[in-house]
Structure formats: structure tokens, C-alpha cells
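# Observations on the three-dimensional arrangement
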Amino acid sequence: MQLVRGLHNLRPQHRGCVATIGNFDGVHRGHQAILARMRERAAELGVPCCVVIFEPQPREFFAPDTAPPRLSRLRDKLALLAAEGVDRVLCLAFNRRLRELSAAEFVQKVLVDGLAVQHLEVGDDFRFGCDRDGDFAFLEQAGAREGFTVEAAATVELDGVRVSSTGVRRALAAGDFELAERLLGRPFQIAGRVLHGQKLGRQLAAPTANIQLKRCRVPLSGVYLVSTLIDGRPWPGVANIGVRPSVAGDGQAHLEVHLLDFAGDLYGRRLTVAFHHKLRDEQRFASLEALKTAIAADIAAARAHWRT
Ligand SMILES: Cc1cc2nc3c(=O)[nH]c(=O)nc-3n(C[C@H](O)[C@H](O)[C@H](O)COP(=O)(O)O)c2cc1C
Ligand SMILES: Nc1ncnc2c1ncn2[C@@H]1O[C@H](COP(=O)(O)OP(=O)(O)OP(=O)(O)O)[C@@H](O)[C@H]1O
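Here is a short report on the structure shown in this document. Not measured: the values here are computed from a predicted model.

## Digging into the site of ligand 2
Around ligand 2, 20 residues are found, and the nearest of them are His28, Asp125, Val156, Val163 and Thr166. A distance of 3.3 Å separates an oxygen atom of ligand 2 from a polar backbone atom of Asn23. In this structure, Val156 approaches ligand 2 through a main-chain N or O atom, which is 2.8 Å from a nitrogen atom. Here ligand 2, which alone exposes 610 Å², has 86% of that area covered by the protein.

## Side note on the site of ligand 1
Every one of the 23 residues lining ligand 1 counts as a neighbour, but Gln198, Lys199, Leu200, Ser246 and Gln283 are closest to it. Between Asn210 and ligand 1, the recorded distance is 3.4 Å, taken from a side-chain N or O atom to an oxygen atom. Residue Arg280 places a side-chain N or O atom 2.8 Å away from an oxygen atom belonging to ligand 1. Protein burial of ligand 1: of its 630 Å² of free accessible surface, 99% is covered by the chains. Put simply, the parts of the chain that give the shell around ligand 1 at least two residues each are β12 (233-242) and α9 (288-307). In the shell around ligand 1, the residues fall into nine nonpolar, eight polar and six charged.

## With respect to the pairing of strand β11 (residues 222-230)
Among the nine residues of β11, eight are classified as buried, and the element is accordingly described as predominantly covered. Across nine bridges, β11 lies against β12 in antiparallel orientation. Bridging from a neighbouring strand, Ile230 pairs with Arg233 of β12. By the bridge criterion, six bridges tie β11 to strand β14 (residues 270-280) in an arrangement that is antiparallel.

## Overview of the sheet that holds strand β10 (residues 209-211)
Strand order in the closed barrel formed by six strands is β9-β10-β13-β12-β11-β14, and the pairing between neighbours is antiparallel. Looking at each pair of strands side by side, their axes are set apart by 45° on average, direction ignored. As paired strands, β10 and strand β13 (residues 254-259) are joined by three bridges and run antiparallel to one another. Opposite Asn210, over in β13, you have Glu256 as the bridge partner. The sheet strands contacting helix α8 (residues 177-184) are β9 (188-195), β11 and β14, and the helix crosses β14 at an angle near 140°.

Rules used throughout
- Residues numbered from 1 in each chain as written.
- Chains lettered and ligands numbered in written order.
- Predicted model: local features only at pLDDT ≥ 70, side-chain atom pairs only at ≥ 80, totals over all residues.
- Heavy atoms only, no water.
- Near = heavy atom within 4 Å.
- Polar contact = N/O pair within 3.5 Å; in protein donor to acceptor, adjacent residues only side chain to side chain.
- Areas by Shrake-Rupley, 256 points an atom, 1.4 Å probe, with all protein chains shown as cover.
- Helix = DSSP H or I, 4+ residues; strand = E, 2+ residues; numbered from the N terminus.
- Nonpolar A, V, L, I, M, F, W, Y, C, P; charged D, E, K, R; others polar.
- Buried < 20%, exposed > 50% of the residue type's maximum accessible area, 1.4 Å probe, protein only.
- Pairing = 2+ DSSP bridges.
- Axes fitted to C-alpha atoms, helices over the stretch in contact; angles between N-to-C directions.
- Contact = heavy atoms within 4.5 Å.

Structure, rendered in C-alpha cells:
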């Protein structure tokens, strides 16, 4: 899959494609359906398929403090899109210039002059352009003028509710990992590189792999049953996501994973952690001894869970 960052990096060979536009945070089952439809149309027309995304996502630009936490950081999103068979991603910086484009200017600059789109696949609720003034009807009219077709993908629902990134975040916040997995079509995962921690874990009888979150806000907080692939083998464990109020810290959220009966060196490796069940909220313990007892109970719960 090819990544093109910004309109200025589009070249003549990028012209002519089937495209779709959106945040695609988490690449959930609704997104997967629209991507599959886009791929089909691209195969029919014999052209590549291209997903247009924004970085940051528009809500992160408008309200950085209150925007919802990401389900997928850019790198993860790109990997998920590649796995769905996307040929090309055009990643546009969402900034003042972009937000001020009217719907008509967006169509002209991005879809016509930039990509020379032959067919556009969008969700039926898709809106775009300054003040969200562009919608499906607008795109259809623009397409008739400029020579591209537009199709609204059928809405994907689960138990009568539209699948959405917001719905996945809600399921995660409620600790409903089964629902999150059904919405995503895979378990919820966070990937990152293993960094050196404070090496307190050994004292707590629970050495942990500290996974770099890069100041990124995550949609989870607490203690979880997890698994990760180590050299192709699923390995069970327990993880804590939080600010670790029982130890002096930096106030940032950390993801720490203790893998059951694991004795290798993971420093520097990139792990993908899948979340399966919430055990409890993170707590502030009065002593390291009390924290150690709680972690031992978490590990026992994990063992019991994986035995069943
Ligand atoms: C299963 C598990 C549960 C944890 N629960 C808590 C908790 O409730 N409160 C807390 O302050 N820290 C909790 N921690 C984090 C520990 O404080 C942390 O692992 C310890 O500080 C070691 O950090 P280090 O690897 O940077 O040395 C938990 C860690 C694990 C692995
Ligand atoms: N359940 C769904 N069924 C069909 N199309 C969808 C579905 N969810 C999103 N889409 C479409 O996929 C594209 C990208 O969606 P986008 O990520 O912007 O929205 P979303 O998943 O609904 O997120 P949010 O919950 O943040 O609004 C849009 O064209 C959107 O209409």
C-alpha cells in the first residue's frame, strides 16, 4: 500500500482511481464493508482504490482536549487499511487551510484536480467541507458535472445499531470487549515498542513490558486480561493502563503488560496487545506490599481465566 502525504505529493500517475473519504478510526466492520465495496468497484474499472484520511482527525483539530481517544494511531490505521486491500492512502493534514475549504473547493482540489476520481464510495451520512456543507446529494451533482459516479454504501448495523467508531469507544469504556470485538471484527488491540521502565516490576513479582504510548490518549484505563503474539505464538497476560497512582510517576498514561510465565527479553520489540476482559479499575495503594498483593490476585485471575 502506498502512502501519499498531502496533495502536493500527488503525481500524474496517481490520477484515476476509486476513492472513499473519512476518519476510519479503528477500521471497524462498517468501514470494512465500505472498503470492500470500494475494492470491488476499483476492480471493475481496472483502477487503484484510494482512501482519503485526515491527520489529525477533524475533532482533534477543533477540540484537542475533548476529542475522543483514538482507537488506532496513524501507523495502526495504515496497517489495518493495508490489510483490507487498500492500494493507496492520501493523508491530508487537517489544518486551517483545509477546514476553510468549501465543499465545492474540496471536490475540485482533492477529488478532481488531485485524484481525478472515477468513482466515489461514501457512507449515507457522510458530510464534508467547511461547516459540513457537503453531503451525498452535493457529491452526486458534482459528479454529474465532473464525470465521476457516487454510491452510498449500505449502512452496516449490529443488533439494529449502526456500527461506528463512537460505538466501539463506548463498548471499551463499558468494559464490553465481546461487543468491541464484534464491532471491530477482531479484538481491540494497542501496538507499540517495549521501552525500559522503572524496573520496579521485579520487586512486585511481576516484571512488565512497558509499551510506548507516545502521549497518545487511549480509550481504556484499568487492569485487563490480554494476549500478545510472541514469535507467532499467542501469549496470555495481564495489563495495566493508567497513571500508576501507587508509584511516583510522570502523570502520563502507561501500558504495562505482564506475560504469564514468560522469561525472554522484549526490550525494543514491537508488541500488539489484544484486550479480552476488564478485571478491575486502577487503584491507589498505600504501600508497594498492597500493590504486590493486588497484582498477584490479578495474575491468579488471569491463570484461572486462561485455564477455562
Ligand atoms: C496487573 C497489573 C496491575 C496493576 N495495578 C496497578 C494499580 O492498581 N495501581 C497502580 O498504581 N499501579 C498498578 N500497576 C502498575 C505498577 O505500579 C507498575 O507495574 C510498577 O510500577 C512497575 O513499573 P515499572 O515496570 O516501570 O518498573 C499494575 C501493574 C500490573 C502489571
Ligand atoms: N456502519 C457503517 N456502515 C456503512 N458505512 C459506514 C459505517 N460507519 C461509517 N461508515 C462510512 O465510512 C466512512 C468513514 O467513516 P468515519 O470513520 O468518518 O465515521 P464513523 O465510523 O461513523 O465514526 P464516528 O463514530 O466517529 O462518527 C464514511 O463514509 C462513513 O459514512
